[in-house]
Amino acid sequence: MDTAFPPSLMCRLDEIPDDGATAIEGVAALGGESVIVERRGDAVRAWLNICPHAGRRLDYAPGRFLLKDELLICAVHGASFNRNDGVCVAGPCRGEHLRALAVELRGGEVWLLAAG
Ligand code: FES
């Protein structure tokens, strides 16, 4: 079930490297959690920055993620997640998935709409 809350501004689109990802810290609507925001052109996806394997952050340094082709790779033990749907396709939590967040682009800004 989706968790709805008032839309919350995350960042500007141009703060996310194209074909890359960054982390947004302390998202109040999510109780201060860190969020992964991934961008390809004008397409943006977001997930909680919590690996389903051991509950750790996925980045190797704050906001720096291992990306390889279609994969987002957890820096802790190497779980590899499909960047399109957040499903783990290889590694210690294969078949599990990142927790997706609903985001929307509004005038060059990324807004968080809901947690899935
Ligand atoms: S915490 Fe991510 S692979 Fe173990």
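If you look the protein chain up in an unreviewed UniProt entry, it shows as Rieske 2Fe-2S domain-containing protein from Dyella agri.

Here the focus is the pairing of strand E3 (residues 33-40). With six of its eight residues buried, E3 lies for the most part within the structure. Bridging between strand E2 (residues 20-27) and E3 involves six bridges; their strand directions are antiparallel. Note that in E3 the partner of Val27 across the bridge is Glu33. Where E2 hands over to E3, the hairpin turn is made up of five residues, of which Gly31 adopts a positive phi near 70°. Where E3 lies against strand E4 (residues 43-48), six bridges are found, and the strand directions are antiparallel. Pairing of Glu38 across the sheet is with Arg45, part of E4. What sits between the antiparallel neighbours E3 and E4 is a turn of two residues, in which Gly41 has the positive phi angle 65°.

Okay, the packing of aromatic side chains next. Applying the stated rule across the entire model yields zero aromatic pairs. We note Arg106 situated over the ring of Trp111; from NZ or CZ to the ring centre the distance is 5.3 Å.

Here the structure, examined in full by the defined rule, presents 11 salt bridges. One salt bridge connects Glu38 with Arg83, and the closest N-O pair in it is separated by 2.6 Å. In this pair, Glu38 is assigned in strand E3 and Arg83 in the loop between strand E7 (80-82) and strand E8 (88-90), connecting sequence segments 45 residues apart. For Glu38, a relative accessible area of 1% corresponds to the buried category. The class of Arg83 is buried, set by a relative accessible area of 2%. Across the pair Glu104 and Arg106 runs a salt bridge, and its minimum N-O distance is 2.8 Å. The class for Glu104 is partly exposed, based on a relative accessible area of 34%. Residue Arg106 is classed as partly exposed on the basis of its relative accessible area, which comes to 34%. Each of Asp19, Glu38, Arg40, Arg45, Glu70 and Arg83 takes part in salt bridges that share partners, so that together they form one network.

Counting 18 residues, the largest nonpolar core has Met10, Leu30, Val35, Val37, Leu101, Val110 and Leu112 as its most contacted members. Elements supplying a minimum of two residues to this core: strand E1 (3-12), E2, E3, E4, strand E9 (100-106) and strand E10 (109-115). The next biggest cluster of nonpolar side chains, apart from the first, holds 14 residues, and it includes Ala23, Trp47, Cys88 and Cys93.

Definitions and limits used
Residues numbered from 1 in each chain as written. Predicted model: local features only at pLDDT ≥ 70, side-chain atom pairs only at ≥ 80, totals over all residues. Heavy atoms only, no water. Buried < 20%, exposed > 50% of the residue type's maximum accessible area, 1.4 Å probe, protein only. Helix = DSSP H or I, 4+ residues; strand = E, 2+ residues; numbered from the N terminus. Pairing = 2+ DSSP bridges. Phe/Tyr/Trp six-rings, centres within 6.5 Å; stacked < 30°, edge-to-face > 60°. Lys NZ or Arg CZ within 6 Å of the ring centre and 35° of its normal. Salt bridge = Lys/Arg side-chain N within 4 Å of Asp/Glu carboxyl O. Core = buried A, V, L, I, M, F, W, Y, C linked by side-chain atoms within 4.5 Å.

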